[in-house]
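So you can see what is in the structure, the chains are spelled out below.
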Amino acid sequence: MTTLRPFRCEDMFHFNNVNLDPLTETYGLSFYLQYLAHWPEYFQVAESPSGVIMGYIMGKAEGHGENWHGHVTALTVAPEYRRLGLAKQLMAILEDISEKKRCYFVDLFVRVSNLVAITMYKLLGYIVYRTVLQYYSGDPDEDAYDMRKALSRDEQRKSVIPLTHPVRPEDIE
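Owing to the predicted nature of the structure, the values given are computational and were not obtained by experimental measurement.

What counts, and where the lines are drawn
Residues numbered from 1 in each chain as written. Predicted model: local features only at pLDDT ≥ 70, side-chain atom pairs only at ≥ 80, totals over all residues. Heavy atoms only, no water. Helix = DSSP H or I, 4+ residues; strand = E, 2+ residues; numbered from the N terminus. Rg over C-alpha atoms; globule rule 2.2 N^0.38 Å. Buried < 20%, exposed > 50% of the residue type's maximum accessible area, 1.4 Å probe, protein only. Areas by Shrake-Rupley, 256 points an atom, 1.4 Å probe, with all protein chains shown as cover. Lys, Arg positive; Asp, Glu negative; His and termini not counted. Charge placed at Lys NZ, Arg CZ, Asp CG, Glu CD. Salt bridge = Lys/Arg side-chain N within 4 Å of Asp/Glu carboxyl O. Polar contact = N/O pair within 3.5 Å; in protein donor to acceptor, adjacent residues only side chain to side chain. Contact = heavy atoms within 4.5 Å. Pairing = 2+ DSSP bridges. Right-handed = clockwise from strand over helix to strand, strands pointing away.

Enquirer: A description of the overall build of the protein should follow, citing residues and the corresponding values.
Expert: Counting its secondary structure elements, the protein contains four helices and seven strands. Secondary structure elements in the protein, listed N-terminal to C-terminal, are β-α-α-β-β-β-α-β-α-β-β. For a compact globule of 173 residues, the expected C-alpha radius of gyration is about 16 Å, and the protein comes in at 16 Å, within 12% of that figure. Expressed as lengths along the three principal axes of its C-alpha atoms, the size of the protein is roughly 45 × 40 × 30 Å. Counting across all 173 residues of the protein, residues that qualify as buried make up 45%. About 9500 Å² of surface is accessible on the protein, with carbon and sulfur atoms providing 54% of the total. Distance from the positive charge centre (18 side chains) to the negative charge centre (23 side chains) of the protein: 6 Å.

As structure tokens, then:
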């Protein structure tokens, strides 16, 4: 049976099977440690019965006023463990934490070419809030969708009224 548990420092020595996927954004160790130190409740792991890391989610709470929200920094599941509902379970944990922190919404960024992820997020209730031009660096740079899901605090669902024009990364609050 899969165990969902908080991320631990030693997990950084065991998650290459997840991070080496081409659609997974990888970061330096100090970045992971910063998240673990500041937002440990938002950093969760799915672990197999044999102790293999199957996937993880990393996020944070940020913003002010009606822009107070949960943010998904990274969600990834190793290819051999996909289509088991792990991403849905990890997202539910992050959304629940964000509800408890009285956030108005949860947001995330996803490559416009990642149609599988976009479809999954839509099935989880997320909408495309705006397009962020050249958000992902590469050759060529790639646009991102800023996807959002309103939480219970946003009774009028103001946070999920889509913008009609794209923005640049420097325009993101």
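Picking up where we left off.
Enquirer: Quick rundown of the pattern of salt bridges? Include the residues and the values.
Expert: Applying the stated criterion to the full structure yields 12 salt bridges. Note that Arg 111 is salt-bridged to Glu 25, the shortest N-O span being 2.9 Å. In this pair, Arg 111 sits in strand β5 (residues 105–111) while Glu 25 sits in the loop between α1 (16–19) and α2 (29–38), placing the two residues 86 residues apart along the sequence. Of the charged contacts, one joins Arg 130 and Asp 146 as a salt bridge, the two residues approaching to 2.8 Å between their closest N and O atoms. Here Asp 146 lies in strand β7 (residues 142–150) and Arg 130 lies in strand β6 (residues 127–136), a separation of 16 residues in the sequence. Accessibility assignment for this pair places Arg 130 and Asp 146 in one class, buried.

Enquirer: Before we move on, could you go through unusual backbone geometry and cite the residues and values that matter?
Expert: That bond from Asp 139 to Pro 140 is cis: its omega, 5°, falls within 30 degrees of zero. The backbone of Arg 102 sits at a positive phi, close to 60°, despite the residue not being glycine. Topologically, Arg 102 is positioned in the loop between α3 (86–100) and β5. Judged by its relative accessible area of 47%, Arg 102 falls in the partly exposed class. Phi is positive for Arg 157, which is not a glycine, with a value near 55°. Relative to the assigned elements, Arg 157 resides in the segment after β7.

Enquirer: Could you give an account of the side chain of Asp 154, with specific residues and numbers?
Expert: By secondary structure assignment, the location of Asp 154 is in the segment after β7. Despite its burial, Asp 154 pairs with no opposite charge, the nearest such side chain being Arg 157 at 6.8 Å. Polar contacts involving the side chain of Asp 154 include one to the side chain of Ser 159, which spans 2.6 Å. Once residues within four sequence positions are removed from consideration, Asp 154 is found in contact with Tyr 104, Ser 159 and Val 160.

Enquirer: Tell me about the pairing of strand β4 (residues 69–77), and name the residues and values.
Expert: Most of β4 sits out of view: nine of its nine residues are buried. Note: strand β3 (residues 53–62) against β4, eight bridges, orientation antiparallel. Each bridged residue has a counterpart across the sheet, and for Lys 60 the counterpart in β4 is His 71. Turn length for the β3-β4 hairpin, with the two strands adjacent in sequence and antiparallel, is six residues, and the turn residue Gly 63 shows positive phi of about 100°. Bridging between β4 and β5 involves four bridges; their strand directions are parallel. Following the sheet pairing, Val 72 is matched in β5 by Leu 108. Read from β4 through α3 to β5, the crossover connection turns out right-handed.

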